[in-house]
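# Breakdown of the fold
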Amino acid sequence: MQAEKSKNILCIECLLVFTLCCVVYLANKKLISTGDSLPNSLLALNWLKNHTLYFDSFRNNYFFEDYDGLPYFFAESKGNHLVSVYPIGTAIVSLPIYLVFSIYLDVIAFIKTNITGISFDFNLANASFEPYRQAFEKLAATLATSLSVVIFYISSRLKFSLATSLVSTFIYAFATNTWMTSSQALWQHTATNLVLASLLLCLLKANRTEKNHLRFLLFLAGFFCGLLPIIRPTNLLFSIAAILYLVSIYRRTALFLLLGLPISLLGMAWNFYNFGDFLGGYTALGSAYEVTFYRFSFNQFLQGFLGLLFSPSRGVFVFSPIVIFCIPGFWQVFKKTKNCQDERLIASLAIAGIILFFSYCFYTIWWAGGSYGPRFISDINPVLCYLIGYFIDSQFNFVSSNRKIFISSLTVFLIFLVVSTFSQVLGAFSKAEWNGLPINVDTYPVRLWDLKDTQLSRHAKSLFFQIAKPIENIAIYSQKLAGTIEEVEKIDTQQLNKYVPIPDISTPGELLILRAKLRNTGLSRWLGYESGVIPGETRVRLRVFDHINTQVLETRLFVSGIVEQNHIAEAIGALALPKELGSYRLVFDLIAEGIGEFPSSSKYESYEAKIIIKCQITEEALKEFCAKR
């Protein structure tokens, strides 16, 4: 009777946790994603609706508009089909959710057909489907992440008290990138967190189960171990750790793992069939963009190590300082590994997480491209937060013996918890864009160490201005805008703080990093990119005209700071020159983004420069040409 009552209470607790997570994750009412998650948001639905895993029907659709050629998240398979460059594991995990979405679309199509009398169906490749795609992706990510939080909570209740479980679950759900990464878009990390948390629960249950149910739990564990690497290849480390742990504990009984592992063959076969490589499209992606993903050198390791931990715009100790308590938590686990199965399990997964962290130190793009905070660390979150549970549990037991130490550690813990949670709130609710402004972080990674304009400070200012409303009356504000562009120069990216004139002659497609010197001559202050204010942010508009005065390009230079009347400012931005040969005219003028151009009555003139694009043959190319002749 008591056991049944406890189960009912646990079910209620889980329902409350799930509901709270869904409400919080959906509260910002927007999808926060990049192209990385786009194939994951369509693959399962494409199979359910179009009965194929290939994206051939998406060729040259609206996804291609922002890319010169094939979007990076698609690749050509060996059979000349358009496929996702990423593994199919995330689509497999999200398939039950997308099955519900598919039924919903069928119902809507049925209703529309019967109302209008005209046969209706959804075209997944059409731009009109984009609102549905985004809504489904956000909801799928929210549901999957909320479920992973519930599973984490159940795992914690198996080991810790109610208070410890609630705190560690809160940290996992709202004080790490589980919120800003896993729940906001259908990343590989979303599926990884769900499957890893499920594996953890399976193995903890196995340690408490009689033989009758043990075999089934081992089968499930094998299934999750097989699923992890086809979601994300680096997850293989967790699978290996779990398998070694199970073999060392259960010996022959661990053979039941083998019944679940074949799920990995499905993903491997797909990768090999389409790419000729068991790792899938990553090799093709690296070749297409001439990127070396891993560089095994001490300099690369040091850069990645310091960046992943301490970078002002990516460091895990900056965005989620609460995870530092996993270190004393690991010590608590390590002390019990000799005699306790649970601790051996957690230690095994923790060691796999440490190895994964070190592998990312050698990753050349350790900052994870266009993301918020330490995205790569998201895969380790279930293990990190379980270790924090050990720390919390030991502190509760320690209070009676030394109250001063308890109060001190609790104070620090609460401060770190508030900071960690607030960093996630900033990312979820602010409207700032940091990764691409003023220059894409992948092009100019030195920004990751800029203390004046960090990702957190940009989002904090944006959220503040969303509440404070710096522009009370847009009409009056825009009428008082005025300024001059005094000079535009090219930034020498090889030498810090070195500027040179815009070159008269350049090569097709060359990327120029430009800086403009400006002066505010109006009565309205300028709001720069750090403010994150849209509409109203002052920018330099750059338009490129060809020899017949046809506009061929338009981009922006981004003004820095909040510029008062008669103050000097700088604007910085990137320009990818046209690939067609010829002479071009570069025209710079000032605008308030989202509002319009500066008033024509303002005393400023546009700034112009001319550039000729032509092929330049290097000595090496000339020698090679002559040798072939």
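The coordinates are above.
Residues numbered from 1 in each chain as written. Predicted model: local features only at pLDDT ≥ 70, side-chain atom pairs only at ≥ 80, totals over all residues. Heavy atoms only, no water.

The next point concerns the packing of aromatic side chains. Enumeration according to the criterion identifies 56 aromatic pairs in this entry. Seen from their ring centres, phenylalanine 301 and phenylalanine 305 are 5.8 Å apart, and the 25 degrees between their planes marks the pair as stacked. Of this pair, phenylalanine 301 and phenylalanine 305 both sit in helix α12 (residues 298-310), four residues apart, which is roughly one turn of the helix. Look at phenylalanine 301 and you get partly exposed, because its relative accessible area is 21%. (Phe/Tyr/Trp six-rings, centres within 6.5 Å; stacked < 30°, edge-to-face > 60°. Helix = DSSP H or I, 4+ residues; strand = E, 2+ residues; numbered from the N terminus. Buried < 20%, exposed > 50% of the residue type's maximum accessible area, 1.4 Å probe, protein only.)

Right, let's get into the pairing of strand β8 (residues 538-545). In the case of a regular strand, side chains alternate between the two sheet surfaces. Along β8, eight of the eight residues are buried, which leaves the element largely enclosed by surrounding structure. Side chains Thr538, Val540, Leu542 and Val544 of β8 all project onto a buried face; the interleaved residues Arg539, Arg541, Arg543 and Phe545 project onto the opposite face, where all are buried too. Two strands pair when backbone bridges link them, and β8 and strand β12 (residues 582-592) are joined in this way by eight bridges, in the antiparallel orientation. Bridging from a neighbouring strand, arginine 541 pairs with aspartate 589 of β12. Note: β8 against strand β9 (residues 551-559), seven bridges, orientation antiparallel. Bridge pairing links arginine 541 to arginine 556 in β9. Between β8 and β9, which follow one another and run antiparallel, lie five residues, and asparagine 549 among them has a positive phi close to 65 degrees. (Pairing = 2+ DSSP bridges.)

Following the sequence through the fold, leucine 20 ends up in helix α1 (residues 2-26). Among the residues examined, leucine 20 registers a relative accessible area of 47% and is labelled partly exposed. Between the C-alpha atom of leucine 20 and that of glycine 483, which follows or precedes it by 463 residues, the distance is 49 Å.

Here we come to the nonpolar core. Residues Phe63, Tyr98, Ile171, Leu199, Phe238, Leu246 and Phe413 are the most contacted members of the largest nonpolar core, which totals 138 residues. Considering every element that reaches this core, the biggest residue donor is helix α7 (residues 188-206), with 12 residues. When residues no more than four places from it in sequence are discounted, the contact partners of phenylalanine 238 are Leu196, Leu228, Leu349, Ala352, Gly353, Leu356, Asp379, Ile380 and Val383. Formed by 33 residues, the second largest nonpolar core is a distinct cluster that contains Val540, Leu542, Val559 and Leu586. (Core = buried A, V, L, I, M, F, W, Y, C linked by side-chain atoms within 4.5 Å. Contact = heavy atoms within 4.5 Å.)

Over its 13 residues, α12 extends 18 Å from the first C-alpha to the last, a length consistent with the 18 Å expected when each residue adds 1.5 Å. Close packing links the buried residues of α12 with α13 (316-319) and α15 (341-361). (Expected span 1.5 Å × (residues − 1).)

Across all of its chains, the model carries two cavities of 30 Å³ or more by this definition. Of the volumes computed, that of the largest cavity is approximately 50 Å³. Together, Thr176, Asn177, Val316, Ser320, Val323, Pro374, Ile377, Ser378, Asn381 and Leu384 line the largest cavity. Residues that form the lining of the largest cavity fall into these classes: five nonpolar, five polar and no charged. Taken as a whole, the second largest cavity holds about 40 Å³ of empty space. In terms of lining residues, the second largest cavity is bounded by Thr90, Val93, Ser94, Ala140, Ala144, Leu186, Thr190 and Ala191. Sorting the residues of the lining of the second largest cavity by element identifies α3 (89-116), α4 (130-159) and α7 as the ones contributing at least two each. Among the elements that line the lining of the second largest cavity, the one with the most residues is α3, at three residues. The class makeup of the residues in the lining of the second largest cavity is five nonpolar, three polar and no charged. (1 Å grid on protein atoms, 1.4 Å probe; cavity = no way out; pocket = protein on both sides within 12 Å on 5 of 7 lines; lining within 4 Å. Points joined across faces, edges and corners; volume = space filled by probe spheres on them. Nonpolar A, V, L, I, M, F, W, Y, C, P; charged D, E, K, R; others polar.)

At their nearest, the axes of helix α17 (residues 403-429) and helix α18 (residues 455-468) sit 9 Å apart, and the two run at 65 degrees to each other. Here the hand of the crossing between α17 and α18 comes out left-handed. The residues of α18 that touch α17, namely those facing Ser423, Leu426, Gly427 and Phe429, are Leu456, His459, Ala460, Leu463 and Gln466. Residues belonging to the contact of α17 with α18 are distributed by class as follows: five nonpolar, four polar and no charged. (Axes fitted to C-alpha atoms, helices over the stretch in contact; angles between N-to-C directions. Left-handed = near helix turned anticlockwise from the far one by under 90°.)

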